[in-house]
Amino acid sequence: MAEQQGAEKRQQDLPPLFQEAGLLEQFNLPPKLIRFLRRHQRTLWLLLSACIVLAVAVAAYNTYQDSRMEKAAIALDAALQNKDARREMLQQVQNDYAATPSALWAAIALARMDEEEKKTDEAIQRYQAVRAKLEQKSPLIPLVLGKLAALEEEKKNGDAALAYYQEMAKLDGFAAHAYLNMGRIYEEQGKKDDALGMYKQFLDFTAVTTEASGTDPRRQMIQSHIELLQAK
């Protein structure tokens, strides 16, 4: 009897030949990593859940934005085609779809309508609001600056127009145009030396561009005009 109990005790003391493997063991992960994952599994599950919620939220927001952009574009197109209630519909696009490209184009269209109706102050205010919303690299900036400068000239505000042309002169591809207009304004103001300086800068900038694109017909005209101014 004692011999049988001893045999059973020896069997219980022996380690099991196989141990039940978990999911982590089946991936042949290092033991240290398995222990770390099991020790922090609650935190890891919370992080995973948060990532899933964030991904779903981002996807839902992107879907909402795409839908809003599409509706804004449809509303803008309808406003531009409606002759009777165009102004009201464009204003509605601005109100309902703020911060969308369609709202920006609606603002430009309203400014253009103010121009056509000779509402110069209102047009300037609209273009200034558009300018404030544009990024520095936006291709619309030269258009808006040109419009603002022309409207200020229309109001006989030469200094204000010069400020916009000075800003335009800093943009690639628009410096020559800006210098030419600044020269004209200075000449109208009777500032001969300033006008000559701007015309000469125009010639400098167009001299670079004409090497590849051919002779600028304005250059000969401005060169002759400079000679006339210097002769006075």
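All chains use their own residue numbering, which begins from 1 and follows the written sequence. Per-residue local features are limited, in this predicted model, to residues with pLDDT of at least 70; the limit for side-chain atom pairs, both in listing and counting, is 80 or more; totals at the level of whole chains, interfaces and linings are taken over all residues. Based on all heavy atoms of the structure, the side-chain values leave hydrogens and waters out of the count.

### Quick word on the environment of Ala160
- Put simply, DSSP marks the helices as runs of H or I at least four residues long and the strands as runs of E at least two long, and each gets a number from the N terminus on. Looking at the secondary structure, you find Ala160 in helix α9 (residues 158-168).
- In sequence terms Ala160 and Leu148 are 12 residues apart; their C-alpha atoms lie 8.8 Å from each other.

### Structural notes on the packing of aromatic side chains
- Pairing of aromatic rings covers Phe, Tyr and Trp, the last counted by its six-membered ring, and requires centre-to-centre distances within 6.5 Å; plane angles under 30 degrees mean stacked, over 60 mean edge-to-face, and any other angle means tilted. In total, this model carries one aromatic pair according to the counting rule given.
- Note on Tyr179 and Phe205: the rings are 5.3 Å apart at their centroids and 40 degrees apart in plane angle, and the pair reads as tilted. Placement of the pair is Tyr179 in helix α10 (residues 175-188) and Phe205 in helix α11 (residues 192-213), with a sequence separation of 26 residues.
- Relative accessible area decides the class of each residue, using a 1.4 Å probe on protein chains only: under 20% of the type maximum gives buried, over 50% gives exposed, and in between gives partly exposed. You can call Phe205 partly exposed: its relative accessible area is 38%.

### Overview of the packing of helix α4 (residues 41-81) against helix α6 (residues 101-116)
- Axis definition: a line fitted to C-alpha atoms, over the contacting stretch in the case of helices. Angles run 0 to 180 degrees between N-to-C directions. At their nearest, the axes of α4 and α6 sit 8 Å apart, and the two run at 20 degrees to each other. Comparing the axis directions of α4 and α6 gives the class roughly parallel. In this structure, the crossing between α4 and α6 has a hand that is left-handed. Side by side, α4 and α6 meet where Met69, Ala72, Ala73, Leu76 and Leu80 of the first sit next to Pro101, Ser102, Trp105, Ala106 and Ala109 of the second. With respect to orientation, any angle under 35 degrees is reported as roughly parallel, any angle over 145 as roughly antiparallel, any angle of 65 to 115 as roughly perpendicular, and every other angle as oblique. Two helices crossing with the near one rotated counterclockwise from the far one by less than a right angle form a left-handed crossing, whereas a clockwise rotation gives a right-handed crossing. For this analysis, residues touch if any pair of their heavy atoms sits within 4.5 Å.

### Quick look at a nonpolar patch on the surface
- Patch membership is restricted to residues that have no salt bridge and whose relative accessible area is over 30%. Joining uses 9 Å for like charges and 5 Å for the nonpolar side chains Val, Leu, Ile, Met, Phe, Trp and Tyr. Using a 1.4 Å probe, the Shrake-Rupley method yields the accessible areas, and only the shown protein chains count as cover for residues. Counted as salt bridges are all cases of a side-chain nitrogen of Lys or Arg within 4 Å of a carboxyl oxygen of Asp or Glu. Together, Leu33, Phe36, Leu44 and Leu47 make up an exposed nonpolar region whose accessible area comes to about 340 Å².
- Elements represented by at least two residues in the nonpolar patch include exactly α3 (31-39) and α4.
- Topologically, Phe36 is positioned in helix α3.
- Overall, Phe36 belongs to the partly exposed group, its relative accessible area being 39%.

### A word on the packing of helix α5 (residues 86-96) against α6
- Where α5 contacts α6, the axes come no closer than 8 Å and their chain directions differ by 145 degrees. The chirality of how α5 crosses α6 is left-handed. From α5, Arg86, Arg87, Leu90, Gln91, Val93 and Gln94 reach across to α6, where they touch Ser102, Ala103, Ala106, Ala107, Ala109, Leu110, Met113 and Asp114.
- Nonpolar residues are Ala, Val, Leu, Ile, Met, Phe, Trp, Tyr, Cys and Pro. Charged residues are Asp, Glu, Lys and Arg, and all others, Gly as well, are polar. Considered class by class, the residues forming the contact of α5 with α6 number eight nonpolar, three polar and three charged.

### Examining the confidence of the model for the chain
- On a range of 0 to 100, pLDDT expresses the predictor's confidence in each residue. Across the chain, the average pLDDT comes to 85, with 85% of residues at 70 or higher.
- Ranking the helices and strands of the chain by mean pLDDT puts α9 first, with 97, and helix α1 (residues 2-13) last, with 51.
- Across residues 14-20, confidence stays below pLDDT 50; counting only partners more than four residues off in sequence or on other chains, it has zero contacts.

### Examining unusual backbone geometry
- Although it is not a glycine, Lys118 adopts a positive phi angle of roughly 60 degrees.
- As for its placement among the helices and strands, Lys118 is situated in the loop between α6 and α7 (120-133).
- The exposure class of Lys118 is exposed, given its relative accessible area of 64%.
- The backbone of Lys156 sits at a positive phi, close to 65 degrees, despite the residue not being glycine.
- Along the chain, Lys156 turns up in the loop between α8 (141-154) and α9.

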